[in-house]
Amino acid sequence: MFARSASSLVLLAVVAACSSESDLAPQQEEPSIILSNPQAATWLSSGQIEAAGSYQALDAIMVNGVQAQVPGEGEFQAAVTIPRGITVMEAIGTDETGAEHYVRQSVIAGTFGDPDQWVDRAIHMRMNQAGLDAAMDYAAEYVDQQTVNDAAVSMNPVYEYSYDIWGWDAITMYVDIDEIAFATPEIVATPRSGGYLTLEVAIPDMFIDMQAWCDVVGWDFDVDVSMSVDRAVITVVTNIAAADGQLVLDVAAASAELEGFSYDLSALPSWVEDNLFQDSIRQTVEDLLVEQVEEQVPPLMEELLASLTEPYDLDVLGQTLTLSLSFDTADTDSEGIFMVADLRVTMPDSPGGSWEGYLVSQQGDPELNHDAPLVIALSDNLLNLAMFQAWRGGMLNMELSTEDGSLEPWMLTMVSAEEGSLAMDPQLPPVLVDDAGALELQVGELLIDLETPGGELGESLEMAVATFVDVELSVQDNSLSMDLGEPTLSMMVRDTDWGASNETTTALVEQMLPIDTLLGIIGGMSYDIPSLEGVGITSATASRDESGTYTLLDVELSFQ
């Protein structure tokens, strides 16, 4: 009994000793690094920030290329400058074997605007003489001959004559216009400083068919008479201005001149005084033409310009954004008309969420070409607002699957899988930023969840991606296209069952998964541009304004 008890005590002592030795043995720390400030998908002001985080079993901590300070055991901090736009924050350290361990997460920095308000001076437009000439050719086709005829008939009689003897109407006569015919008018618009636009409407080959009714001492008769004009020139001086968000043309002065005026009165009695008839009918026709040009041409131009302010629905990835325009400025110089408009981009619903707003640039006024028919300057603020609204509305969230055919199976063969699904969820809005005179699209903290059931490497992969890619805007056949260049990618695997460290898996994914192809699904989009009452944009040459805040489009127009 005693012997067994003694043996038990020895065994317990050995176990206790072993346990004590194990407790005293140093624990091997796993290398790791955490960036706690700023966190992923943070909205910041651009400029210098104090980045901070923690680490273990690492040396030589760097944050975005800046040597970090180590104020306490396992802590680091570094003063880092954050530029406007998307920035990938990378904290990196080296373990005792020389291997690097890092963390990458994207933030957005800058000044942000309220997406539910108007964007001030979002669009600048200039229509130069070549554009005015094309617009006037279009407008001339719509000078309505029938309207002129109806107006002339409503003025009948256009001439009246009476002669009395001793208070008795011995002779009376009046003349009605039956029809006015003319060839297609020519309209020339001449701008001059101060908001004035002179419209010279030349109407060729005008023929006026009339009927004269006479009563001579109780004897009634009627005869045909006619007048012709080689060329009627009506000059209308208009003033163009912006009022209550609309473009308005007011007539300041108007006059008419009939060139090559002739008439045939051979069927009339000889007592009809030619000069009275000529002066009266001529003045009546001149007044009629001035009135009709005033009533038709400026309103036609106003209608053409007013169509710019009509709300326009823009389809983005199957959902609708509505663009509304409000004119702030309209003026002229000796070479054309220039206009500035505020713009608003709205959605049917305004989802909630955590955001500061769309990225705003401090902008001046762009320098516009004075030679192209039409020049349009699109503010980066407008483009960033449109992308923000698309992002806020979830239009950039995507779910792709081999099961429904939206994900091509070959995209998964590189990761040794035959089927699967992929979900993309951008935590930050895409932004456009000027990069040395070029436009760069920046996408940050795009979370990608890849599921590959039965995959040889694993079945689940979660990572964050950032991409930076040059963008060219172009217009062809009334469509605005966003053409993407070769992207620069930054990614970080956050969670996986592939059986390797996140850094190792990130390196594998960078080589194997065609992320740039997947991002191409979002990029390379085109948007229809509304026709303006028959005005089409056939093509445009895009360039950047020297201010670095506008994209300039030199536009070729077509009129249908």
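No experiment lies behind these values; they were computed from the predicted model shown.

Asks: Which residues make up the overall build of the chain, and what values go with them?
Replies: When its secondary structure is counted, the chain shows eight helices and 31 strands. Classification of the 560 residues of the chain by burial places 47% in the buried group. Taking contacts inside the chain between residues at least 6 apart in sequence as the whole, the part at least 24 apart equals 68%.

Asks: Can you break down the environment of G455 residue by residue, with the values?
Replies: With respect to the helices and strands, the residue G455 is situated in the loop between β25 (438-451) and β26 (460-476). Sequence-wise, G455 and E419 are 36 residues apart; in three dimensions their C-alpha atoms are separated by 8.1 Å.

Asks: Run through the sheet that holds strand β1 (residues 32-37), naming residues and quoting values.
Replies: Taken in spatial order, the three strands line up as β1-β3-β6 in an open sheet, and their pairing is antiparallel. This sheet does not close on itself; its edge strands, each paired only once, are β1 and β6 (75-82). On average, adjacent strands in this sheet sit at an angle of 30° to one another, irrespective of strand direction. Judged from the five bridges that link them, β1 and strand β3 (residues 47-56) form a sheet pairing that is antiparallel. For L35, the partnering residue across the bridge sits in β3 and is G53.

Asks: I'd like a rundown of the confidence of the model for the chain, residues and numbers included.
Replies: Summarising the model, the chain shows a mean pLDDT of 82, and 83% of its residues fall at 70 or more. Below pLDDT 50 for its whole length, residues 1-22 participates in zero contacts with residues either more than four positions away or in separate chains.

Asks: I'd like a rundown of the nonpolar core, residues and numbers included.
Replies: Grouped together as the largest cluster of nonpolar side chains are 127 residues, with contacts concentrated most on I123, I180, M206 and I234. Excluding anything up to four places from it in sequence, I180 contacts Q145, V148, N149, A152, M206, F207, I208 and L288. Core analysis: the second largest hydrophobic core is formed by 19 residues, I33, I49, Y55 and L58 among them.

Asks: Which residues make up the environment of L446, and what values do they have?
Replies: Positionally, L446 belongs in strand β25. Sequence spacing of L446 and L396 is 50 residues, and the spatial spacing of their C-alpha atoms is 10.0 Å.

Asks: Give a detailed account of the pattern of salt bridges, specifying residues and quantitative values.
Replies: Within this structure, the stated rule accounts for ten salt bridges. For D333, the salt bridge is made with R126, and the minimal N-O distance between the two is 2.8 Å. Of this pair, D333 sits in strand β18 (residues 319-333) while R126 sits in strand β10 (residues 119-128), and the two are 207 residues apart along the sequence. Owing to a relative accessible area of 3%, R126 belongs among the buried residues under this scheme. The shortest N-O distance in the salt bridge between E445 and R494 comes to 3.0 Å. Highlighted residues: E445 in strand β25 and R494 in strand β28 (residues 488-496), separated in sequence by 49 residues. Note on R494: relative accessible area 33%, which makes it partly exposed.

Asks: Provide a residue-level description of the packing of aromatic side chains, including the pertinent values.
Replies: Throughout the structure, instances matching the rule amount to six aromatic pairs. When the centroid spacing of 5.2 Å and the interplanar angle of 70° are considered together, the rings of W43 and F112 count as edge-to-face. Placement of the pair is W43 in strand β2 (residues 43-44) and F112 in strand β9 (residues 111-113), with a sequence separation of 69 residues. Look at Y55 and F76: their rings are 6.4 Å apart centre to centre, the planes differ by 45°, and that puts the pair in the tilted class. Note that Y55 is positioned in strand β3 and F76 in strand β6, a separation of 21 residues in sequence. On the basis of relative accessible area, Y55 is assigned to the buried category, the value being 16%. By relative accessible area, which is 2% here, F76 ends up buried. Above the plane of the ring of Y196 lies R192, whose end atom (NZ or CZ) is 4.6 Å from the centre.

Asks: Tell me about the layout of surface pockets, and name the residues and values.
Replies: In this structure, the second largest pocket spans a volume of roughly 230 Å³. Of the residues in the lining of the second largest pocket, the class split is four nonpolar, five polar and five charged.

Asks: Could you give an account of the sheet that holds β2, with specific residues and numbers?
Replies: Pairing within the open sheet is mixed, and its five strands lie in the order β2-β8-β7-β4-β5. With partners counted over all chains shown, the strands left at the sheet margins are β2 and β5 (66-67), one partner each.

Asks: Residues and numbers for a negative patch on the surface, please.
Replies: A surface patch of negative charge is lined by E403, D404, E418, E419 and E456. Here E419 lies in the loop between α6 (410-413) and β23 (421-426). Given the relative accessible area of 45%, E419 is considered partly exposed.

Asks: Now, about the pairing of β3: what can you tell me, with residues and values included?
Replies: Both β3 and β6 contribute to a ladder of eight bridges, which runs antiparallel. Opposite E50, over in β6, you have A79 as the bridge partner.

Asks: I'd like a description of helix α5 (residues 380-392), backed by residues and values.
Replies: Along its 13 residues, α5 runs 18 Å from first to last C-alpha, staying within 8% of the 18 Å computed at 1.5 Å per residue. Among the 13 residues in α5, twelve count as buried, and that is most of the element. Of the positions making up α5, those classed as buried are D380, N381, L382, L383, N384, L385, M387, F388, Q389, A390, W391 and R392. For α5, the N-terminal cap is S379; the gap from its side-chain oxygen to the backbone nitrogen of N381 is 2.9 Å. Directly beyond the C-terminal end of α5, a positive phi value near 75° is found at G394.

Asks: Break down the side chain of N128 for me, with residues and values.
Replies: With respect to the helices, strands and loops of the structure, N128 is situated in strand β10. Engagement of the side chain of N128 in a polar contact is seen with the backbone oxygen of N369, the distance being 3.0 Å. Beyond its immediate chain neighbours, meaning those up to four positions away, N128 contacts E335, G336, N369, H370, D371, A372, P373 and V375.

Asks: Can you break down unusual backbone geometry residue by residue, with the values?
Replies: Across the junction of N37 and P38, the peptide omega takes the value 0°, indicating a cis bond. Tracing the chain through its elements places P38 in the loop between β1 and β2. The omega torsion across N156 and P157 is -5°, close enough to zero to call that bond cis. Within the element layout of this structure, P157 appears in the loop between α3 (145-154) and β11 (159-165). Of note, R121 is a non-glycine position whose phi angle comes to about 50°, a positive value.

Asks: Would you mind going over α3 in detail, with residue names and values included?
Replies: For α3, the complete set of buried residues consists of V148, N149, A151 and A152. The arc that holds the buried residues of α3, viewed along the axis, is 165°, so those residues lie on one side.

Asks: Can you lay out the environment of Q67 for me, pointing to particular residues and giving the numbers?
Replies: For Q67, the location among the structural elements is in strand β5. Sequence-distant contacts of Q67, that is, excluding residues within four places in its chain, are made with A60, I61, M62 and A78. Only 3.3 Å separates the side chain of Q67 from the backbone oxygen of I61, close enough to count as a polar contact.

What counts, and at which threshold
Residues numbered from 1 in each chain as written. Predicted model: local features only at pLDDT ≥ 70, side-chain atom pairs only at ≥ 80, totals over all residues. Heavy atoms only, no water. Helix = DSSP H or I, 4+ residues; strand = E, 2+ residues; numbered from the N terminus. Buried < 20%, exposed > 50% of the residue type's maximum accessible area, 1.4 Å probe, protein only. Contact = heavy atoms within 4.5 Å. Pairing = 2+ DSSP bridges. Axes fitted to C-alpha atoms, helices over the stretch in contact; angles between N-to-C directions. pLDDT = per-residue confidence, 0-100. Core = buried A, V, L, I, M, F, W, Y, C linked by side-chain atoms within 4.5 Å. Salt bridge = Lys/Arg side-chain N within 4 Å of Asp/Glu carboxyl O. Phe/Tyr/Trp six-rings, centres within 6.5 Å; stacked < 30°, edge-to-face > 60°. Lys NZ or Arg CZ within 6 Å of the ring centre and 35° of its normal. 1 Å grid on protein atoms, 1.4 Å probe; cavity = no way out; pocket = protein on both sides within 12 Å on 5 of 7 lines; lining within 4 Å. Points joined across faces, edges and corners; volume = space filled by probe spheres on them. Nonpolar A, V, L, I, M, F, W, Y, C, P; charged D, E, K, R; others polar. Patch = residues over 30% accessible without salt bridge, like charges linked within 9 Å, V, L, I, M, F, W, Y side chains within 5 Å. Areas by Shrake-Rupley, 256 points an atom, 1.4 Å probe, with all protein chains shown as cover. Lys, Arg positive; Asp, Glu negative; His and termini not counted. Charge placed at Lys NZ, Arg CZ, Asp CG, Glu CD. Expected span 1.5 Å × (residues − 1). Polar contact = N/O pair within 3.5 Å; in protein donor to acceptor, adjacent residues only side chain to side chain. Arc of directions from axis to C-beta.

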